[in-house]
Protein chains: 2
Amino acid sequence: MGVHLMTAISTVPGIREFHLPELPRLLPYAYHPKAAQIEIASNGWVREFLGECFPDEESLLVFLRQRNGIYGPITVPFAADDRARNIADWYQFVTVIDSFVSDRSALGASHDGARQVFAAIMADVDDADALTREFPYGRAARDLWLRISAGLAPAQVRRLVGSLEAFLRGCATEIESKLTDAIPDYETCMAVRQDSFGCDFLELFTEYAAGVDMTELRAEPEFAEIHTHSMRQMIIVNDLLSWRKEHADGDTMTAVRVLWQQEGLGLQDAINRLCALVEHHERAYIAVRDRVLAGPLGQREDVRAYLEGMDLLIGGSQEFEYLTPRYFGDGSVWDGTTSGWLDLTAPVARFRPAPSTASAETWEWK
Amino acid sequence: MGVHLMTAISTVPGIREFHLPELPRLLPYAYHPKAAQIEIASNGWVREFLGECFPDEESLLVFLRQRNGIYGPITVPFAADDRARNIADWYQFVTVIDSFVSDRSALGASHDGARQVFAAIMADVDDADALTREFPYGRAARDLWLRISAGLAPAQVRRLVGSLEAFLRGCATEIESKLTDAIPDYETCMAVRQDSFGCDFLELFTEYAAGVDMTELRAEPEFAEIHTHSMRQMIIVNDLLSWRKEHADGDTMTAVRVLWQQEGLGLQDAINRLCALVEHHERAYIAVRDRVLAGPLGQREDVRAYLEGMDLLIGGSQEFEYLTPRYFGDGSVWDGTTSGWLDLTAPVARFRPAPSTASAETWEWK
């Protein structure tokens, strides 16, 4: 798992845009029927529980304008209302953390400092007094744990705690990598992103939304394959659609930068290669899912519900990533387009049918 | 219907905030299950059909950030998807016009100029060639007319055209009133707002969403009562929740300004009086609706469907008005609060539990 030092991306001249082709989108997606209400209520929860993590009202509003509260309702569209709401709040919570991890004036300033905050969060999850204390991350984690664990089997509750730990571990590794400007190799990147993208709770919430427990089946080789391909598809789609933001933040732990700078591809070639990988993992996921559905496990109601939920998670996650101003710039509004030229430096971007002239002229440079 | 000249509101010193009490909200509201998707797709339609009405991309984005595309899905939550989408696009269309009517650098600059534009829109509705011409308002009106009239009875199609004409007439009257800074009396204001708030198409789309035709029944005295009370409730709620924006725009045709400046009430007294009027009209609407439902007309399926739709229109319109950054400032994000102190001058406002100290000190002034 080698990590090498590279010069900062901002020193690369000339490249201001890239072209995102249409991605395959072979899987279904849907919005929870109460998506809008859940997003609004969840924004109220963020203000109440995490408002003081933000330096001022405007920073909080920038976060709320990213519409992170709709990630839950898009990824668990058929969950009961209360579960969809709990999941929405959880994703807001981890996205607040992820935002400050990317911010060198906040959690991202110091690897040790962040590890201490993360340890305090983990301690508060288990502490009934956390709700009365002054530490907002801990209070929020405790509130979520109480609401969500009531709907989980004991083994799943342990996985919930483990999933938060894995996420925070991934965040800490990303901070370290970024502070040293170290760009990892592809497999290292995928391993860290598995944690920092929250794959463990993405899978667990797919069970929670469907009201099933896959704890035992997760060890089956076919389930491992399902998870590898689904999560890689989701991570790479995320790295493609979040590239504008990650580029601006100087993040190192993204597949785009790995292929571009570590493996020596031009930026557009790296994008194209990743699009091919998205299709590969999406089709591989569908193949193994269909194999499971056609076999003895496919007779089980809970397995079918879980796999249907997994389809919707993959499709919904991608839908959210086209939608969120988090990736297209504060103030952007999605109008449904999913392919085109994206400006890396404009404060607000959208998919355009053609590159700007200036960019086209420098485009031959790799 | 007297209209008197008053000094501009901006000359009134000291008042920076007002308190909005909880409104009764006795009627149900719901979001269309595809509210989010309809809003996104409708934003794409605005860009395609009306994008060139905006002076630049940023102005278009300010409009799209107001989330006007969700007014349809909130007010016709049980309509078929395609009808909800058509209604969403219509409301975006009339809100674009309403925005430029409030803008002295656009349609609001000249009463005659606006009347010419409005006449051209009405001509294009009836003209099959309008879709190929360069006049975006006319092309949009024609596109909407084609999509919506297919689902209406002939008498309803005539009402659709009439409703657009009434709306544009109301807009023209508002422009004239604003350019002369003339504040009307209460009944004049209500009569103009009946047009400019689009009451005729609000009622018609309630029929369209429910798939019924109330053209004949509208003449019944009880239906007239239903419409008077429902529309006055909606207009006054709108005037309360849009007061921040109308105040900033210097608009004259709003019940708040009428009561405050024309009838000599203090601002807070005017707000409180209007809140009482909201409750009065809401309860009066419910009483006459219940009378109709208990009588012979209440046996008719179509009447019941229409009145259920009317409930949801009133409740949904209010829900939207708490939600929209149009009224709370570009960049605001609703977190579900519906009462509190509202700042009239902050670029972005939200309901606060207490007034700011400065405002409290000057608050005694009327």
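Each remark here, short or long, concerns the structure printed above.
Since this is a predicted model, take the numbers as computed values, not measurements.

Novice: How would you explain unusual backbone geometry if you had to name every residue and give the values?
Specialist: Residue and element names in this part refer to chain A. With phi around 50°, Arg25 is a residue other than glycine that occupies positive phi space. Inspection of the secondary structure puts Arg25 in the loop between β2 (17-20) and α1 (35-50). One non-glycine residue, Arg67, lies in positive phi territory at about 65°. Structurally, Arg67 is set in the loop between α2 (57-65) and α3 (71-75). The class for Arg67 is buried, based on a relative accessible area of 16%.

Novice: For the interface of chain B and chain A, give the residues involved together with the corresponding values.
Specialist: With 23 residues of chain B at the interface, the matching set in chain A holds 23 residues. Approximately 2,100 Å² of surface area, both sides summed, lies buried where chain B meets chain A, with 63% of it carried by carbon and sulfur atoms. Together, Ile40, Val333 and Asp335 of chain B form the three largest contributors to the area buried by chain B at its contact with chain A, with a combined 27%. Inspection of the region where chain B meets chain A yields four salt bridges. Arg350 of chain B is the partner of Glu57 of chain A in a salt bridge, and the nearest nitrogen-oxygen pair spans 3.4 Å. When contributions to the side of chain B that touches chain A are tallied by element, the ones reaching two or more residues are α1 (35-50) and α2 (57-65) of chain B. No other element matches α1 of chain B, which puts six residues into the side of chain B that touches chain A. Looking at side-chain class alone, the side of chain B that touches chain A contains 11 nonpolar, six polar and six charged residues.

Novice: Report on the layout of surface pockets, specifying residues and quantitative values.
Specialist: All names here are of chain A. Of the voids in this model, the largest pocket is the one considered here, and its volume is about 550 Å³. Forming the walls of the largest pocket are 27 residues, and the residues nearest its centre are Val62, Gln66, Ser99, Lys245 and Asp249. When contributions to the lining of the largest pocket are tallied by element, the ones reaching two or more residues are α2, α4 (81-101), α11 (243-249) and α15 (325-328). When residues of the lining of the largest pocket are assigned to their parent elements, the largest contribution, four residues, is made by α11. For the lining of the largest pocket, a count of residues per class yields 14 nonpolar, seven polar and six charged.

The rules we used
- Residues numbered from 1 in each chain as written.
- Chains lettered and ligands numbered in written order.
- Predicted model: local features only at pLDDT ≥ 70, side-chain atom pairs only at ≥ 80, totals over all residues.
- Heavy atoms only, no water.
- Helix = DSSP H or I, 4+ residues; strand = E, 2+ residues; numbered from the N terminus.
- Buried < 20%, exposed > 50% of the residue type's maximum accessible area, 1.4 Å probe, protein only.
- Contact = heavy atoms within 4.5 Å.
- Buried area = accessible area lost by both parts, 1.4 Å probe.
- Salt bridge = Lys/Arg side-chain N within 4 Å of Asp/Glu carboxyl O.
- Nonpolar A, V, L, I, M, F, W, Y, C, P; charged D, E, K, R; others polar.
- 1 Å grid on protein atoms, 1.4 Å probe; cavity = no way out; pocket = protein on both sides within 12 Å on 5 of 7 lines; lining within 4 Å.
- Points joined across faces, edges and corners; volume = space filled by probe spheres on them.

Limitation: the analysis is restricted to geometry and does not speak to function.
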